[in-house]
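Take a look at the letters that make up each chain.
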Amino acid sequence: MINEFEFFHGAVFSRILHGAKTEVRLSAYRDDDNATYVLNDKVGLYIKYSTKRLTPWRFSFLEKHQEHIKALRNKFGNAYLILVCNKD
C-alpha cells in the first residue's frame, strides 16, 4: 500500500526528474520528517500537500514545520516550499 504522502511527493519527484536537463540527485534530509529533501546536495525542498478536491486549498504549518523549513534555508541557502494541491 502506498502511503498518502508518498503519492503526492511522487508527483513532485516526477516533475523534477522529467523537467531536469541533467542528472538529478534527490535524498531525504531528516529521518524524523517525511517532508524534507535535498536536491543535488545543495537545494532544500519542503513538500506540503492538500487532499482537498477544490480550491481554496489550505495548508497548516506547525511550529516544527516552520523550524524544518528554516533549517533547510540556513543549511543550503536555497530552499523551496512546494505545495501540492491534490490533483491540480
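For the structure, check the block above.
If you're wondering where the values come from, they're calculated on a predicted model, not measured in any experiment.

Criteria and cut-off values
- Residues numbered from 1 in each chain as written.
- Predicted model: local features only at pLDDT ≥ 70, side-chain atom pairs only at ≥ 80, totals over all residues.
- Heavy atoms only, no water.
- Helix = DSSP H or I, 4+ residues; strand = E, 2+ residues; numbered from the N terminus.
- Contact = heavy atoms within 4.5 Å.
- Pairing = 2+ DSSP bridges.
- Axes fitted to C-alpha atoms, helices over the stretch in contact; angles between N-to-C directions.
- Expected span 1.5 Å × (residues − 1).
- Buried < 20%, exposed > 50% of the residue type's maximum accessible area, 1.4 Å probe, protein only.
- Arc of directions from axis to C-beta.

Colleague: Would you mind showing me how to read the environment of Ser 14 here?
Modeller: As for its placement among the helices and strands, Ser 14 is situated in helix H1 (residues 4-19). Sequence separation between Ser 14 and Tyr 80 is 66 residues, and the spatial gap between their C-alpha atoms is 16 Å.

Colleague: How should I be thinking about the side chain of His 68 in this particular structure?
Modeller: As for its placement among the helices and strands, His 68 is situated in helix H2 (residues 63-76). When residues no more than four places from it in sequence are discounted, the contact partners of His 68 are Arg 30, Asp 32, Asp 33, Thr 36 and Tyr 46.

Colleague: Would you mind going over the sheet that holds strand E1 (residues 26-28) with me for this structure?
Modeller: Within a sheet, neighbouring strands are paired by backbone hydrogen bonds and run either parallel or antiparallel to one another. With mixed pairing, four strands are arranged side by side in an open sheet as E1-E2-E3-E4. The sheet terminates laterally at E1 and strand E4 (78-85), the two strands that pair on one side only. On average, each strand axis in the sheet is inclined to that of its neighbour by 30°, with strand direction left out of account. Across four bridges, the pairing between strand E2 (residues 36-39) and strand E3 (residues 43-50) is antiparallel. In the sheet register, Val 38 faces E3, and the bridge partner there is Gly 44. Lying on the sheet, H1 is in contact with E1, E2, E3 and E4; it crosses E3 at an angle near 130°. On the sheet, H2 packs against E2, E3 and E4 and is oriented at approximately 155° with respect to E3.

Colleague: Which parts of the structure should I look at to understand H2?
Modeller: Residue pairs spaced three or four apart in an α-helix point in one direction, given the helix's 3.6 residues per turn. For H2, built from 14 residues, the straight-helix expectation of 20 Å at 1.5 Å per residue is met to within 8% by its first-to-last C-alpha distance of 20 Å. Regarding H2, the residues found buried are His 65, His 68, Leu 72 and Phe 76. Projected down its long axis, H2 shows its buried positions confined to an angular sector of 60°, all on one face. Relative to its buried face, H2 has exposed residues pointing more than 90 degrees away, namely Glu 63, Lys 70, Arg 73 and Asn 74.

Colleague: I tried to follow H1 on my own but got confused; where do I start?
Modeller: Taking 1.5 Å per residue, 16 residues should reach 22 Å; H1 reaches 23 Å between its end C-alpha atoms and fits that length. Buried within H1 we find Phe 8, His 9, Val 12 and Phe 13. In this fold, the buried residues of H1 make contact with E1, E2, E3 and E4.

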